[in-house]
Structure formats: structure tokens, C-alpha cells
Amino acid sequence: MDLNLIKVITVIIILLILIFYDKREYKKKKPKITKQFYKLFYADEKGHGKEVIMCKLLKSEKYRVKGKPDYIIKNVFVNRYIPIEIKSGEIKNKLKPKEKDLMQIGVYFLLIEDNFGSRPKKGLLVYKDYMFVVKNKRRVRKKVLNTIKSMDKMLVTGKGVADASYKKCEFCICRKTVCKHI
């Protein structure tokens, strides 16, 4: 084979990989959740039948987190779970989900992995007007784990850097208790 032909083929392959490889952690689209190949596995409310785990607080000793996703759906063919978090607000023209919501779905990835033995590939953040398909990528996981580490350090030392503002802290459980910022 001609050396120039090999070079051209290699360049084409690299370009195709760059074009089709999606590095984003999330993708914005209109809210629509398909039921094809999935069944409801977990719900944070009662009334979904005996086969569904309902209102159970998921805990992880390994990661020292706990939480209750709104829903978890499971693929009927393989042991794959997708956490779904429903938000009451709108995202409007923003291109990415709110940081706190992204962190919340990241914690659900850890909880599902630790409780059900399967690492989710994605999760859904559903706002009134749009939803984000959040991929369980290393960047999301690292950010969540670093935040947990930072919170643990703050608990031990009593020192930390607060990013306080009225909007961020308005509904915080620490407001007007242990936090001196708001």
C-alpha cells in the first residue's frame, strides 16, 4: 500500500473520531422520556406498585452521601439504571443545567453504583421547558468527589470557603444556624 494513502486514511479516521466523539457531560433537549425498553425501578413517592422501590433513602457508606432521586428507571434487558430528577423551574435559554442540579445527579450516580452494583451511563435532569441528558463522565464524578472531600474537610476543621449569596443560601438548612454568612 502507498504511504500517502495510509496517511490520508489515518487523517480521515482521526477527523471522524473528532467529529463524532462527544465530550460534553450533558445535552439539552425538549423533555421527553421514552418508556421503550425501560421500567420504573424506584420512585420517591408512593403509589407505583409492588415491583417499584418507593420512598427509600439511598445511602452510601463508601462515598458518605445519601439521597432520594425522584425516579430511577431500569433497562429491561441489561442491568442499567438511569436516575431522573424533576425540577419545578425552567431553564429557559441557558445552555447548561444549574451547577447544583448537576452535582445532585452526580451524587445519584454514586448512590446507584454503590446500592445496585451498576454504574449508570447517564441521568436525566428534567426542567419544565427542557431536559438535560447528563453523562456519567469522569469530570462530573471528579467534581462530586472533590466537593465531598471539601465538605468532609470543613466538618473536621470547621474552616472552609463559602460561596455565600442570598439566592444560593435562601433555602439552605444551615441558614441562620451554623453558618455565619447569611
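Residues numbered from 1 in each chain as written. Predicted model: local features only at pLDDT ≥ 70, side-chain atom pairs only at ≥ 80, totals over all residues. Heavy atoms only, no water.

Draft legend 1. Representation of the nonpolar core within the structure. Within the largest apolar cluster, 24 residues are counted, with the highest numbers of intra-cluster contacts made by I72, I105, F116 and V134. Residue assignment for this core shows that the elements contributing at least two residues are β2 (38-43), α2 (99-116), β9 (131-135) and α3 (138-157). For this core, the element with the highest residue contribution is α2, accounting for 10 residues. Those residues in contact with F116 that sit more than four places away from it in its chain are F41, I53, L58, I72, N79 and Y81. Judged by nonpolar contacts, the second largest core, of 7 residues, contains I73, V126, M131 and V133. (Core = buried A, V, L, I, M, F, W, Y, C linked by side-chain atoms within 4.5 Å. Buried < 20%, exposed > 50% of the residue type's maximum accessible area, 1.4 Å probe, protein only. Helix = DSSP H or I, 4+ residues; strand = E, 2+ residues; numbered from the N terminus. Contact = heavy atoms within 4.5 Å.)

Draft legend 2. Broad picture of the packing of aromatic side chains. This model, assessed by the stated rule, comprises 5 aromatic pairs. With centroids separated by 5.6 Å and ring planes inclined at 50 degrees, the aromatic side chains of F37 and F77 adopt a geometry described as tilted. Taken together, the residues span a long stretch of sequence, with F37 in the loop between β1 (26-29) and β2 and F77 in the loop between β6 (71-75) and β7 (81-86) at a distance of 40 residues. The exposure class assigned to F37 is partly exposed, which follows from its relative accessible area of 43%. Among the aromatic residues, ring-to-ring pairing joins F41, Y81 and F116 into one connected group. (Phe/Tyr/Trp six-rings, centres within 6.5 Å; stacked < 30°, edge-to-face > 60°.)

Draft legend 3. Looking closely at a positive patch on the surface. Together, K92, K94, K98 and K100 make up a region of like positive charge exposed at the surface. Tracing the sequence through the fold places K98 in the loop between β7 and α2. (Patch = residues over 30% accessible without salt bridge, like charges linked within 9 Å, V, L, I, M, F, W, Y side chains within 5 Å. Areas by Shrake-Rupley, 256 points an atom, 1.4 Å probe, with all protein chains shown as cover. Salt bridge = Lys/Arg side-chain N within 4 Å of Asp/Glu carboxyl O. Lys, Arg positive; Asp, Glu negative; His and termini not counted. Charge placed at Lys NZ, Arg CZ, Asp CG, Glu CD.)

Draft legend 4. The side chain of D129, seen in detail. Positionally, D129 belongs in the loop between β8 (122-126) and β9. Taking the relative accessible area as the measure of exposure, D129 reaches 14% and is therefore buried. One polar contact links the side chain of D129 to the main-chain amide nitrogen of I91, over a distance of 2.9 Å. Here K92 takes part through its backbone nitrogen, which lies 2.8 Å from a polar atom of the side chain of D129. (Polar contact = N/O pair within 3.5 Å; in protein donor to acceptor, adjacent residues only side chain to side chain.)

In short, the description is geometric, and any link to function would need to be established separately.
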